[in-house]
Amino acid sequence: MDYERRFFRSLLASVFLYLILVAGAFTPLSKQEAEERMRTLQEITGNINSPLQIFANNLLISLLMLVPFVGPPSAAYVIYNTGLFFSALSITTNVPPIVTVLAPLISIYGALEFIAYGFFFHHGLRFSYTVLKRRLKEELRPALFMVVIGTIVLLSAAFLEYLLIESLANFLPSSFR
């Protein structure tokens, strides 16, 4: 399979994953559950003081996507749960979920993350398929190239996300930090 086709299918996987995120963002939560999720989010994000921490977290999720058979469904679960945090943010701030879920895309880092996630997710599906066909070895080299590209995109997204967090930190209400 040529790289252009892999890239296109990875982009389709990105769209699929973003739709899963949107589904999570539009999932109704009780006010109590939303507040609990926001507290959890604050605990998780409160110690982020480097773009490399963001990158490491995103890369770990991405590498999970590559595990044949288990990775893609696990990734879909993680992405859906991320969407639930967007739902919680929407509920606790009275901002429509469409705004919370589009904000990362508009700020570019989210689009880059999902492009990279699509690379990893698509190749996790391909690994599953090639394991069944007993052709994993011939898949490794082209997949490695696409994974390296995805990793570079993830690193770029992490730096952009960190810069955005740092630049907005003084302007956001404490419920966002």
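So, here's what we can say about the structure.

Rules used in this analysis
Residues numbered from 1 in each chain as written. Predicted model: local features only at pLDDT ≥ 70, side-chain atom pairs only at ≥ 80, totals over all residues. Heavy atoms only, no water. Axes fitted to C-alpha atoms, helices over the stretch in contact; angles between N-to-C directions. Helix = DSSP H or I, 4+ residues; strand = E, 2+ residues; numbered from the N terminus. Parallel < 35°, antiparallel > 145°, perpendicular 65-115°, else oblique. Left-handed = near helix turned anticlockwise from the far one by under 90°. Contact = heavy atoms within 4.5 Å. Nonpolar A, V, L, I, M, F, W, Y, C, P; charged D, E, K, R; others polar. Salt bridge = Lys/Arg side-chain N within 4 Å of Asp/Glu carboxyl O. Buried < 20%, exposed > 50% of the residue type's maximum accessible area, 1.4 Å probe, protein only. Patch = residues over 30% accessible without salt bridge, like charges linked within 9 Å, V, L, I, M, F, W, Y side chains within 5 Å. Areas by Shrake-Rupley, 256 points an atom, 1.4 Å probe, with all protein chains shown as cover.

## Observations concerning the packing of helix 3 (residues 51-65) against helix 7 (residues 136-168)
- Running from N to C, helix 3 and helix 7 cross one another at 140 degrees; their axes reach a closest spacing of 8 Å. With respect to each other, helix 3 and helix 7 are oriented oblique. Where helix 3 crosses over helix 7, the two elements pack in a sense that is right-handed. Each of Pro51, Leu52, Ile54, Phe55, Asn58, Leu59 and Ser62 in helix 3 lies in contact with helix 7, whose residues at this interface are Thr151, Leu154, Leu155, Ala158, Phe159, Glu161, Tyr162 and Ile165.
- Considered class by class, the residues forming the contact of helix 3 with helix 7 number 11 nonpolar, 3 polar and 1 charged.

## Some remarks on the pattern of salt bridges
- Per the stated rule, a full pass over the model turns up 5 salt bridges.
- Here Glu36 and Arg39 are joined by a salt bridge, their closest N and O atoms 2.9 Å apart. Taken together, the residues Glu36 and Arg39, both in helix 2 (residues 31-45) and 3 residues apart, mark about one turn of the helix.
- Using a relative accessible area of 42% as the deciding quantity, one classes Arg39 as partly exposed.
- The residue Glu138 makes a salt bridge to Arg135 at a minimum N-O spacing of 3.6 Å.

## Remarks on a nonpolar patch on the surface
- Side chains of Leu64, Val67, Phe69, Val70, Val131, Leu132, Leu136 and Leu140 sit close together on the surface and give an oily, nonpolar patch of about 640 Å² of accessible area.
- Contributing elements (two or more residues each) for the nonpolar patch: helix 6 (109-132) and helix 7.
- Along the chain, Leu64 turns up in helix 3.

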